[in-house]
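# Summary of the model geometry
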Amino acid sequence: MTDNEQQDDEMDCGLSVAERDILHEQLLAMPDTMPPRVVWKRIEAQARAEGLLTGHHYFERYKWVAGAAIAATVAMLALNVPMISSPVTDPNDGATTVPGEITASSTRDLNALKVESQILERNLRLLPNEPTVMKVSTATTIQELQDRIAAIDYRLNDRTVQLDAEQEEVFWRERVRLMNSLVSLRYAQAQRVSF
Amino acid sequence: MSKFADIRIDPSIVKRAVRGEAKAHEIIYRAFSAPVYSVGLRFTRVPAHAEDLLQETFIEVMRSIGKFRGDAPLGAWIRRIAVSKALMFLRSAWHARGQSLDDDWDDMTPGNVGNHGVSGRPDEALDLDAALANLPEVARAVVWLHDVEGFTHKEIAGLMGKSESFSKSQLSRAYQRLRPMLASHVSAANAGMDEQLVRQF
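As a starting point, this report considers the structure included with it. The structure displayed is predicted, hence computed values, not measured ones. (Residues numbered from 1 in each chain as written. Chains lettered and ligands numbered in written order. Predicted model: local features only at pLDDT ≥ 70, side-chain atom pairs only at ≥ 80, totals over all residues. Heavy atoms only, no water.)

## Points about the overall build of chain B
The helix and strand tally for chain B stands at 9 helices and 0 strands. Each helix and strand of chain B, ordered N terminal to C terminal, gives the series α-α-α-α-α-α-α-α-α. A total of 201 residues make up chain B; the buried ones form 49% of that total. The contacts of chain B with a sequence gap of at least 6 include a subset with a gap of at least 24, amounting to 67%. (Helix = DSSP H or I, 4+ residues; strand = E, 2+ residues; numbered from the N terminus. Buried < 20%, exposed > 50% of the residue type's maximum accessible area, 1.4 Å probe, protein only. Contact = heavy atoms within 4.5 Å.)

## Description of helix α3 (residues 38-49) of chain A
Its 12 residues place the ends of α3 of chain A 17 Å apart at the C-alpha level, agreeing with the 16 Å of an ideal helix rising 1.5 Å per residue. One or two positions beyond α3 of chain A, positive phi appears at Gly 51 of chain A, with a value near 70°. (Expected span 1.5 Å × (residues − 1).)

## A short note on the nonpolar core
Counting residues in each nonpolar core, the largest one holds 69 residues, and the members touching the most others are Ile 28 and Phe 32 of chain B. Considering every element that reaches this core, the biggest residue donor is helix α2 (residues 22-44) of chain B, with 10 residues. If sequence neighbours within four positions are ignored, Phe 32 of chain B has contacts with Phe 4, Ile 7, Ile 9, Phe 58, Leu 74, Gly 75 and Ile 78 of chain B. Within the second largest apolar cluster, 18 residues are counted, among which are Leu 120, Leu 127, Ile 142 and Ile 152 of chain A. (Core = buried A, V, L, I, M, F, W, Y, C linked by side-chain atoms within 4.5 Å.)

## Things to note about the packing of α2 of chain B against helix α7 (residues 137-148) of chain B
Residues and elements named next belong to chain B. Running from N to C, α2 and α7 cross one another at 140°; their axes reach a closest spacing of 8 Å. In terms of orientation, α2 and α7 fall into the oblique class. Side by side, α2 and α7 meet where Val 39, Arg 42, Phe 43 and Thr 44 of the first sit next to Glu 137, Arg 140, Ala 141, Trp 144 and Leu 145 of the second. When its residues are assigned to classes, the contact of α2 with α7 shows 5 nonpolar, 1 polar and 3 charged. (Axes fitted to C-alpha atoms, helices over the stretch in contact; angles between N-to-C directions. Parallel < 35°, antiparallel > 145°, perpendicular 65-115°, else oblique. Nonpolar A, V, L, I, M, F, W, Y, C, P; charged D, E, K, R; others polar.)

## Quick word on the packing of α3 of chain A against helix α3 (residues 47-64) of chain B
One can describe the packing of α3 of chain A onto α3 of chain B by two numbers: an axis separation of 10 Å at closest approach and a directional angle of 40°. Taken as axis vectors, α3 of chain A and α3 of chain B run oblique relative to one another. As α3 of chain A packs across α3 of chain B, the resulting crossing turns out to be right-handed. Here Val 39, Trp 40, Arg 42, Ile 43, Gln 46 and Ala 47 of chain A of α3 of chain A come into contact with α3 of chain B, specifically with Glu 51, Leu 54, Gln 55, Phe 58, Ile 59, Met 62 and Arg 63 of chain B. Here the contact of α3 of chain A with α3 of chain B is built from residues that sort into 8 nonpolar, 2 polar and 3 charged. (Left-handed = near helix turned anticlockwise from the far one by under 90°.)

Listed below in structure tokens is the structure:
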């Protein structure tokens, strides 16, 4: 220990060795907190605006995922809509109308899905940090899930595309499913680290 | 040095980041976002401010990574940027309130000091987080920089634009305030050990 460091220690008076040990131990044991995922999107947007980043735009990168999601939506709607909502056809004018109670039910489902999604986001934030070392396959799966969720978020927040309630519900349902997978995976990972 | 030291980034990723590759920067962000965000939270205690500091830190990383020579680990370099941003924030907050760093302790009246994290029951867990929350912001920052990040008083003084004695004095006063909580914890630990010894003999 140098003279200066010794002086420092003398100045750091008031604590016994045991008290300082406990303080250091407890400080170092304090866990890190994961930031909300939206922060990276903000950073990326600012960095692109300042010309700090090269390569494909974030949203362009996930264009294929978004395209696949739209295709899946169309396919699911084509398959599910007649079974779920059975649109009523007016024989007089040939126009197709959707019964009001079905729309109300969809709204309820949509709200429930949004709440479920929020709960899953919160649960994910409560989990310990990702370990710094992990299997490549696990890291890839987590990355893929995050990318797919990001692509869905992009679709849901894209103001240039007007989604109807049913399309929105399909996206939210898929989001909840992906979030469930992500939380389960991260939970399993946390369990492995703790043992 | 806290969690920053445990994180290793492949030099090839850093080279790609220097070229401005978005994916490389995202990898660096994912590796360091939690420790950087945590520094912001420890200093400001407000998640929105910590998010702003996280953003400012990584924008600075992107702007300056070309100057990173690789002599020290990337984590140490990012940590210094994060700490510097957090301290700049604290300074600006003081300026906004028309106060200086020196009269920070005056805000901590007995009423808002609370219980220093000392539990009413001796068997209750140590609540260091609550005790730290009851310290003035600058003192909390000094404790964190000195005891967790391993900065010397000289370095802290340089970062804060203050003298070394200012840093030492802040740490000393912070320790005095934390002492009742730590002492009760030590007593509880000693009592536990005594009990174990009695049981053994």
